[in-house]
Amino acid sequence: MLMLAAVVGYAQSLSDYGVITEQPAGELKTYDRAGYAYYVVNDYVRRGAQTGTIDIVFAEGNKVYLKDPLSKLIVNTWVEGTLSDDGTTITLPMGQNIQYDTEVQQPIAIKMVEFDEDTEEMTVLDNAQVTYTIGDDKITLNGTSKYTCIGAVWATSNEWAGFADYSSVYTPAITDVTVEVPAGLTTAVYKFKGNEYQGGELNYNTKVGFDGNDVYIQGILTDMPNAWIKGTRNGNTVTFASNQYLGLLAGKPVYMTAVNRMNTSEIQDLVFTYDEANGTFSNTTQFLLLNASRNTVYLMQAISDFTLTLSKSGEAYDVPYSESFGSSTSMNDFTIIDGNGDGTTWAYNNMSGNVSYNWSTTNAADEWLITPAIRLEAGKSYKFTVKARSFTASMPERMEVMMGTDATAEAMTTTVIAATEVATGDLTPFQGTVRVTAEGNYRFGIHAISDADNMMLTIDDIAVEEDTTAPQRGDINGDGRVDVSDVNAAINIILKVTDTDLAADLNNDGKVDVADVNLIINIILKL
């Protein structure tokens, strides 16, 4: 069959083909679309929910005009129908042209089509009639089903053009309003963890505020990080009404929607179990959706087994920290720096679900991928692990891992993994250990430093965890306990009987002296 061009060509003048491009005079009403649609992607017929809105003009002389009558074919033109005298039926003549394609050099008309599920072909029904019934609260397309639809047809060849709707229902559009947060609302950072459907683990920051029994959450879906949802607490249950409007995404309205995991067409309110003592919200029975429709499930993202946990470290993440790059939203907390400014740097790879640096033919790599802030404690050692691979073992890459207190290249001053060669075609763990002398928020920077005109450096599965094999704070002689022998070891360092070991510098002032001996004694006495 002939398929519609990816971008429909616009003729200089469509009036020669009877296409109505200007909004007709009359009363304009906007309706939300619901129902189903067929459309072609990569030469395969797909079926999905109708989304968005449709404009209808009610004009004088019982004339009715519908804008873009096919939900997936938006060309901003109108078709003309007739309203019955009793105002209950719209009759829409078939065969009206809605566009002209300059590549195929044919008009596109609306006609009834019949779908053959076995061949995935649409047959044009030239003599079919189309009517809509107007009820008190909706307009319903009559006489259509999964197999009989209103579709786009090449007017000259009389073949399906790749779009069709059925079971259409239009309800008066409600003006969408985002959640308004009370002035002065106090919020706290909660860590969101969940599993993206057919993706990986998600881990990001949200904000939660309480106003009496009202509960507000910001950023529960990462594509709309500034959007709020509002719920109500009743004991240990917090309920958020489904279909809350989050705003526009790529020009389209999107909503927070919840569905039953056992019946994903059943839209439900989002319900959390709230544990005030532990500061957690949890849900294991529903999918949380970023949805492109208010009336039907038309998901853009689905998340299961999600929890929100009050963070003790604010915006920073606690240890253990891990990131498996399950989806592109995993990159939201990371900072990418194109150090040499050549436009070639780290990017998320949707096909493999990891992050890659693609080579420059002229410049050596100077590309930083910097983690979000992670809260580390003074006197502790931490293991940093990242999996990495080159394109092939015979085309090695190079990287180093540094640590600093800010998301800049200049702040990356502490070496975690020294410059090393990555010469493996399989993801292989690389690990380094760093000791922290001052409590604070730290970031780890993976620095691609490959030679020019190489190939691809790929990383995945970052992890930060405490190194429990490192000596205990105050255990100067490394025997696994802190006692009088460690006091003696520190005194020997002071008296220069033994070489200086800054592991004995417990107050992190750059020297070992009596103050450090007192701290060891306090550890022994558990003061």
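J.: Is there a simple way to think about the overall build of the protein in this case?
T.: What the protein contains, in helices and strands, is 2 helices and 37 strands. Radius of gyration (C-alpha) of the protein: 31 Å, far over the 24 Å computed for a compact globule of 527 residues. Among the 527 residues that make up the protein, the fraction classed as buried is 46%. Across the protein, contacts joining residues at least 24 apart in sequence account for 63% of those joining residues at least 6 apart. Accessible area for the protein stands at about 24900 Å²; split by element, carbon and sulfur atoms hold 47% of it. Separation between the mean location of the 32 positive side-chain charges and that of the 69 negative ones in the protein comes to 6 Å.

J.: Explain the side chain of Thr222 here, please?
T.: Relative to the helices and strands, Thr222 resides in the loop between strand E16 (214-218) and strand E17 (228-234). Other than its neighbours up to four places away in sequence, Thr222 contacts Tyr204, Gln301, Thr329 and Asn332.

J.: Looking at this model, I keep getting lost on a negative patch on the surface. Mind explaining?
T.: Taken together, the side chains of Glu114, Asp116, Asp118, Glu120, Glu121 and Glu159 present a region of like negative charge at the surface. Along the chain, the position of Glu159 falls in strand E13 (residues 159-172). Take Glu159: its relative accessible area is 31%, and that puts it in the partly exposed class.

J.: Got a minute to help me understand the pairing of strand E20 (residues 252-260) in this structure?
T.: If a strand is regular, its side chains alternate between the two faces of the sheet. Here E20 lies mainly inside the structure; 7 of its 9 residues are buried. Across 5 bridges, strand E19 (residues 244-249) lies against E20 in antiparallel orientation. The residue bridging Gln244 from the neighbouring strand is Met256, located in E20. Linking E19 back to E20 in an antiparallel pair, the connection comprises 2 residues, with Ala250 at a positive phi of about 55 degrees.

J.: Please clarify how the nonpolar core should be interpreted in this entry.
T.: Across soluble globular proteins, nonpolar side chains show a tendency to be buried alongside one another. Leu270, Phe272, Phe384, Ile446 and Ile459 are the most contacted members of the largest nonpolar core, which has 61 residues in total. Ignoring sequence-local partners within four residues, the contact set of Phe272 consists of Ile217, Ile220, Asn236, Thr237, Val238, Phe240, Phe281, Ser282, Asn283, Phe306 and Leu308. If you look at the next biggest cluster of nonpolar residues, it comprises 29 residues, including Tyr31, Val64, Ile98 and Ile108.

Thresholds applied
Residues numbered from 1 in each chain as written. Predicted model: local features only at pLDDT ≥ 70, side-chain atom pairs only at ≥ 80, totals over all residues. Heavy atoms only, no water. Helix = DSSP H or I, 4+ residues; strand = E, 2+ residues; numbered from the N terminus. Rg over C-alpha atoms; globule rule 2.2 N^0.38 Å. Buried < 20%, exposed > 50% of the residue type's maximum accessible area, 1.4 Å probe, protein only. Contact = heavy atoms within 4.5 Å. Areas by Shrake-Rupley, 256 points an atom, 1.4 Å probe, with all protein chains shown as cover. Lys, Arg positive; Asp, Glu negative; His and termini not counted. Charge placed at Lys NZ, Arg CZ, Asp CG, Glu CD. Patch = residues over 30% accessible without salt bridge, like charges linked within 9 Å, V, L, I, M, F, W, Y side chains within 5 Å. Salt bridge = Lys/Arg side-chain N within 4 Å of Asp/Glu carboxyl O. Pairing = 2+ DSSP bridges. Core = buried A, V, L, I, M, F, W, Y, C linked by side-chain atoms within 4.5 Å.

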